[in-house]
Amino acid sequence: MLTHFLAALGVLGLLTVAPGPDMAVVTRRALVAGPADALRTVGGIATGLLIWGALTVAGLAAVLAASPSAYLVVKLLGAGYLVFLGAQTLWQNRRAAPASADTGTRITAGSPWRTGLVSNLLNPKIAVFYTGLLPTLAPPRLPAAWAMTVLVILHTVLTFSWLGSYVLLLSKAGHVLEEPRTHRAIGRTTGVVLIGFGLVVATAAG
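Residues numbered from 1 in each chain as written. Predicted model: local features only at pLDDT ≥ 70, side-chain atom pairs only at ≥ 80, totals over all residues. Heavy atoms only, no water.

On to the side chain of Thr 16. If you trace the backbone, Thr 16 turns up in helix H1 (residues 2-17). By relative accessible area, which is 12% here, Thr 16 ends up buried. Once you skip the residues sitting within four places of it in the chain, Thr 16 turns out to touch His 155, Leu 158, Thr 159 and Trp 162. (Helix = DSSP H or I, 4+ residues; strand = E, 2+ residues; numbered from the N terminus. Buried < 20%, exposed > 50% of the residue type's maximum accessible area, 1.4 Å probe, protein only. Contact = heavy atoms within 4.5 Å.)

As structure tokens, this is what we get:
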């Protein structure tokens, strides 16, 4: 059983650190509202994973993963949300400087926790991942529901730890990021990346 958990930990770890929409959403939040809001965004993402996990254990995520029409609806909603966040980032980046040293204030952009939650819940790839790959990592000696619950919690903890560490890294580089030219460059890049992820999600095969 320990061997299975170590193997699952390795696979989940690799999947967690791979750059994706979650990291782009967190980067955006850190730029427009600061590390505290970015950490709340991470909390929303983690909550989304727990909800996907609960749906998977209940069998509902499998229905979504197996239904082309339901998958398409969630996919397009998720893609549209990422494109919206990217466009919003580019617009805010064009209109304002970073939370600047001269004003001491940061741009607000709605609830950070809700942003993380919605971006994660509208990612149908999580449903496919939890219903397709995750069961293959489950230790065979545990009941299926218990094994999936443990793996979902493990994935959530890894995601929160990784993205939380990433936010702390960004905060350490705050003096560099708040230099207007650097901030604008990173803001433009983040906006384009979010739009790019949205287009990838929209055009990806189910």
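Over its 16 residues, H1 runs 22 Å from end to end, which matches the ideal 22 Å to within 8%, given 1.5 Å per residue. All buried positions along H1 are accounted for by Ala 8, Leu 12 and Thr 16. Buried residues in H1, looked at end-on, bunch into an arc of 70 degrees, giving them a common side. Of the residues in H1, the exposed ones pointing more than 90 degrees away from the buried face are Thr 3, Leu 6 and Leu 14. Against helix H7 (124-132), helix H8 (134-137) and helix H9 (144-172) lie the buried residues of H1. (Expected span 1.5 Å × (residues − 1). Arc of directions from axis to C-beta.)

This part covers the packing of H1 against H9. It is at 10 Å that the axes of H1 and H9 come closest, and there the two elements cross at 40 degrees. Classified by the interaxial angle, the pair formed by H1 and H9 is oblique. Handedness of the H1/H9 crossing: right-handed. Across from Phe 5, Ala 8, Leu 9, Leu 12, Gly 13, Thr 16 and Val 17 in H1, the residues of H9 making contact are Val 150, Leu 151, Leu 154, His 155, Leu 158, Thr 159 and Trp 162. Taken together, the residues that form the contact of H1 with H9 break down as ten nonpolar, four polar and no charged. (Axes fitted to C-alpha atoms, helices over the stretch in contact; angles between N-to-C directions. Parallel < 35°, antiparallel > 145°, perpendicular 65-115°, else oblique. Left-handed = near helix turned anticlockwise from the far one by under 90°. Nonpolar A, V, L, I, M, F, W, Y, C, P; charged D, E, K, R; others polar.)

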